[in-house]
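In case you want the letters, here they are:
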Amino acid sequence: MKGGPSQEDIRRHNLGTLLRFVHLRGPASRATLAESLGLNRSTIMALTADLTAAGLVREELPRGPGRRAGRPSLVVRPESTRVYVLAFEVGVDRLVVARVGLGGVVLDRREGVRSRDSDPADLIGVLVGGARSLVRKAERDAVCVGAAVGFPGTVRRSDDTIMFGPNLDVGDLRLGDLLSRRLGLGIPVSVCNDANLGALAEHERGAGVNSDNLIYLHGDVGVGGGIIAHGRLLAGDEGYGGEIGHMIVNPGGRPCACGSKGCLEAEVGERTLLAHAGREEIPGQPGRDAVRDIVASADAGDIVAREALQRVGTWLGFGVANLVNIFNPGLVVFGGTLRDIYLGAAAQVRSVLATGALAAPREKVKLRTAALGDDTTLVGAAEFAFAEVLADPLQVLARLKAPENSPV
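The residue numbers shown here count from 1 along each chain, following its written sequence. Given that this is a predicted model, residues contribute local features only at a pLDDT of at least 70 and side-chain atom pairs are listed and counted only at 80 or more, while totals for whole chains, interfaces and linings are drawn from all residues. Values shown for side chains rest on all heavy atoms present in the structure; no hydrogens or waters enter the calculation.

A. Region of the structure containing the packing of aromatic side chains. Two aromatic rings from Phe, Tyr or Trp, using only the six-membered ring of Trp, form a pair when their centres are within 6.5 Å; if the ring planes differ by under 30 degrees the pair is stacked, by over 60 it is edge-to-face, and anything between is tilted. Tallied over the entire structure, the rule returns 2 aromatic pairs. For the ring pair W315 and F318, a centre distance of 5.4 Å and an interplane angle of 45° mean the geometry is tilted. Of this pair, W315 and F318 both sit in helix 10 (residues 303–327), 3 residues apart, which is roughly one turn of that helix. Only protein chains enter the area calculation, which uses a 1.4 Å probe; residues under 20% of their type maximum are buried, those over 50% are exposed, and those in between are partly exposed. The exposure class of F318 is partly exposed, given its relative accessible area of 35%. With centroids separated by 4.3 Å and ring planes inclined at 5°, the aromatic side chains of F334 and Y342 adopt a geometry described as stacked. Of the two residues examined, F334 and Y342, each falls in the buried class. The numbering of helices and of strands both runs from the N terminus, where a helix is a DSSP run of H or I of at least 4 residues and a strand a run of E of at least 2.

B. Local environment of the pattern of salt bridges. Salt bridges are defined by distance alone: a side-chain nitrogen of Lys or Arg within 4 Å of a carboxyl oxygen of Asp or Glu. Tallied over the entire structure, the rule returns 28 salt bridges. Notably, a salt bridge pairs R94 with E111, separated by 2.9 Å at the nearest N-O pair. A residue pair is termed long-range when its members are at least 10 positions apart, and R94 in strand 5 (residues 94–101) and E111 in strand 6 (residues 105–113) qualify at 17 residues. A residue is classified by how much of its surface remains accessible, and R94, at 14% relative accessible area, is buried. Ionic pairing is found between R288 and D374, a salt bridge with its closest N-O pair at 2.9 Å. On the criterion of sequence distance, the pair formed by R288 in helix 9 (residues 288–299) and D374 in the loop between strand 15 (366–369) and helix 13 (376–391) is long-range, its members being 86 residues apart. A residue is classified by how much of its surface remains accessible, and R288, at 14% relative accessible area, is buried. Within this structure, E89, R94, R109, E111, R288, R292, D340, D374 and D375 form a network of salt bridges that share partners.

C. Representation of the environment of G236 in the model. With respect to the element layout, G236 can be found in the loop between strand 13 (232–233) and helix 7 (264–268). Counting along the chain gives 62 residues from G236 to A298, while the straight-line C-alpha distance between them is 39 Å.

D. Layout of the sheet that holds strand 14 (residues 331–336). At least two bridges found by DSSP between two strands is the condition for calling them paired. Strands sit in the order 13-12-11-14-15 across an open sheet of 5 strands; the sheet is mixed. The outermost strands of the open sheet, each flanked by one partner alone, are strand 13 and strand 15. The pairing of strand 14 with strand 15 spans 4 bridges and is parallel. Within strand 15, the position partnered with V332 by the bridge is L367. Sheet contacts for helix 10: strand 11 (214–220), strand 12 (222–229), strand 14 and strand 15; angle to strand 11, the most-contacted strand, approximately 150°. Only heavy atoms matter for contacts: two residues are in contact if any of them lie within 4.5 Å across the pair. Every axis corresponds to a line fitted to the C-alpha atoms, with the helix fit spanning only the stretch in contact, and the corresponding angles, defined between N-to-C directions, vary from 0 to 180 degrees.

E. How the structure looks around the pairing of strand 12. Most of strand 12 is tucked away, with 7 of its 8 residues classed as buried. In this structure, strand 11 lies alongside strand 12, joined through 7 bridges in antiparallel fashion. Paired with I215 across the strands is I227, a residue of strand 12. Count of turn residues in the strand 11/strand 12 antiparallel hairpin: 1 residue, of which V221 carries a positive phi of about 70°. By the bridge criterion, 2 bridges tie strand 12 to strand 13 in an arrangement that is antiparallel. Bridge assignment links I228 to a residue of strand 13, and that residue is L233.

F. Quick peek at the environment of E363. You can see E363 is positioned in the loop between helix 12 (359–362) and strand 15. Each C-alpha atom of the pair E363 and G241 lies 26 Å from the other, and the pair is 122 residues apart in sequence.

Laid out in structure tokens, this is it:
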């Protein structure tokens, strides 16, 4: 007969729950923590003492106006500058590396334009160089507790191998292992699909904070998606879940980079929008700015741009209708270039949804744009990197502070 959780298991769970609360919601008084977590004040005091001793949080008197008379309840704040992660975003057109402190504070970042024909060696060199410069600027006693990369392609989660990178010349690339060895920080580097991280970010810190069932649609040349079901990311058996961009919406339609035809990506992606607007031959590298230019032209009365958005919006509406029927989300969030496309074709998308989705699941679904803007994937990478220390704060921190894990 199996017994229940031990006292140590309960303590570990409570430590993680408290740390996660101040990480996501910000500084909180002991009284607020006790009420929100359903624990008594003496337990909160013991937990915060442990986390303070480990250097994960600090306690201080409340600041500013609104302080109550009498003995104030100490405020617990995450140690943002002393505990951080490295977050990487590999976009089709840009590379971003950020040092993100506990509490979700972006302490520093490096960003640059990425050529679409660059090779993996160049990619890794830029990411490592950016990360090293950020680590050098961290405080002397700061600890890096995790690292994660958002990548626009198919990633096998069991070993962080990039299996397929449409629009990028990579495949079977152990990007996480390569970055971990080159950085030499004694921590693994996780690699995740960018849209899955976008879904995580919008759920934790963006438009979907109050929604436990949401779908995030991301555009960046191609189209990807992430699904949050009952508050958890739906990753699938090998981590390939959420490849919404390769859902066929128009059988026999436009050819897709995956080899099929009529995929959602092929019908609503950047290249298709540019072709419909007659701008595929315009000199200069396409990208988010090119999409935004079409949306702006449509708003200014350009008939060709407006019709291009309506055509793309129709297929986007069919894709959303299918997803609403299958998953019954409370929220659909549009990010990346799809954020701009949706803003320019919202009426078309909603019109198709109204006729293409079943009445019951579409009744309460809300359509929103990503609240985190262009940093949605980056924020998601940071949250993924923080996951281990939030689950078991003291053990993870003790392991990372061990001498053998000190960077050389």
